[in-house]
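# Observations on chain architecture
The lines below spell out each chain.
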Amino acid sequence: MKGIRLSTVVTVVAALATGMLLFTTSQKVQKAERHLAKLESEKEQTEEAIRVLRAEWDYLNRPDRLETMATRYLGMKQPVLAEVTKDAAALPAPASPASGQLVVQPALYHPAKGHPQ
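The rules behind these values
Residues numbered from 1 in each chain as written. Predicted model: local features only at pLDDT ≥ 70, side-chain atom pairs only at ≥ 80, totals over all residues. Heavy atoms only, no water. Helix = DSSP H or I, 4+ residues; strand = E, 2+ residues; numbered from the N terminus. Areas by Shrake-Rupley, 256 points an atom, 1.4 Å probe, with all protein chains shown as cover. pLDDT = per-residue confidence, 0-100. Salt bridge = Lys/Arg side-chain N within 4 Å of Asp/Glu carboxyl O. Buried < 20%, exposed > 50% of the residue type's maximum accessible area, 1.4 Å probe, protein only. Phe/Tyr/Trp six-rings, centres within 6.5 Å; stacked < 30°, edge-to-face > 60°. Lys NZ or Arg CZ within 6 Å of the ring centre and 35° of its normal. Patch = residues over 30% accessible without salt bridge, like charges linked within 9 Å, V, L, I, M, F, W, Y side chains within 5 Å. Expected span 1.5 Å × (residues − 1).

## Re the overall build of the protein
- Looking only at helices and strands, one finds 2 helices and 2 strands in the protein.
- Of the regular secondary structure in the protein, the N- to C-terminal order runs α-α-β-β.
- Of the roughly 11100 Å² of accessible surface on the protein, 65% is carried by carbon and sulfur atoms.

## Overview of the confidence of the model for the protein
- For the protein, mean pLDDT is 84; residues scoring 70 or higher make up 79% of the total.
- Confidence scores differ between elements of the protein, with strand S2 (residues 115–116) showing the lowest mean pLDDT of 49 and helix H1 (residues 6–60) the highest of 96.

## Quick notes on the pattern of salt bridges
- Across all of its chains, the model carries 3 salt bridges by this definition.
- One salt bridge in this structure joins Glu47 and Lys43, with 3.6 Å as the shortest N-O distance. You can see Glu47 and its partner Lys43 sitting in helix H1, 4 residues apart, about one turn around the helix.
- Notably, a salt bridge pairs Asp64 with Arg62, separated by 3.3 Å at the nearest N-O pair.
- With a relative accessible area of 26%, Arg62 lands in the partly exposed category.

## Thoughts on the packing of aromatic side chains
- Inspection of every chain in the model, using the stated rule, returns 0 aromatic pairs.
- The side chain of Arg62 reaches across the aromatic face of Tyr59, ending 4.3 Å from its centre.

## Topic: a nonpolar patch on the surface
- Where nonpolar side chains cluster on the molecular surface, the patch consists of Ile4, Leu6, Val9, Val10 and Val13 and spans about 500 Å² of accessible area.
- If you trace the backbone, Val9 turns up in helix H1.
- Its relative accessible area of 39% is what places Val9 among the partly exposed residues.

## Some thoughts on helix H2 (residues 63–74)
- Its 12 residues place the ends of H2 15 Å apart at the C-alpha level, agreeing with the 16 Å of an ideal helix rising 1.5 Å per residue.
- Looking one or two places after H2, you find Gly75, whose phi comes out positive at around 70 degrees.

Written out as structure tokens, the structure reads:
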């Protein structure tokens, strides 16, 4: 048997190196795919939790429930018609910050979201 030619050895070594590189790359791709699947699953779980929390927010902020709780725990009641001011001129002037009185800004209401920002 004659000696092995150099080109044969180089070809075998190149084939082995290519095979090892392909195997390593394949393992990295599979690991990345598993990680991606895990992230997608976590994303879906988070989105579901957000949907549940929004539904719970809407349920807890029903006007009839809030009215009942305001009456029961805060002693609030519906205003009678005589208490409601119909003329804006009859309202007291707002306090100025220079007077040292607390000026309360109304909460911003976003109709699409249904809760204060």
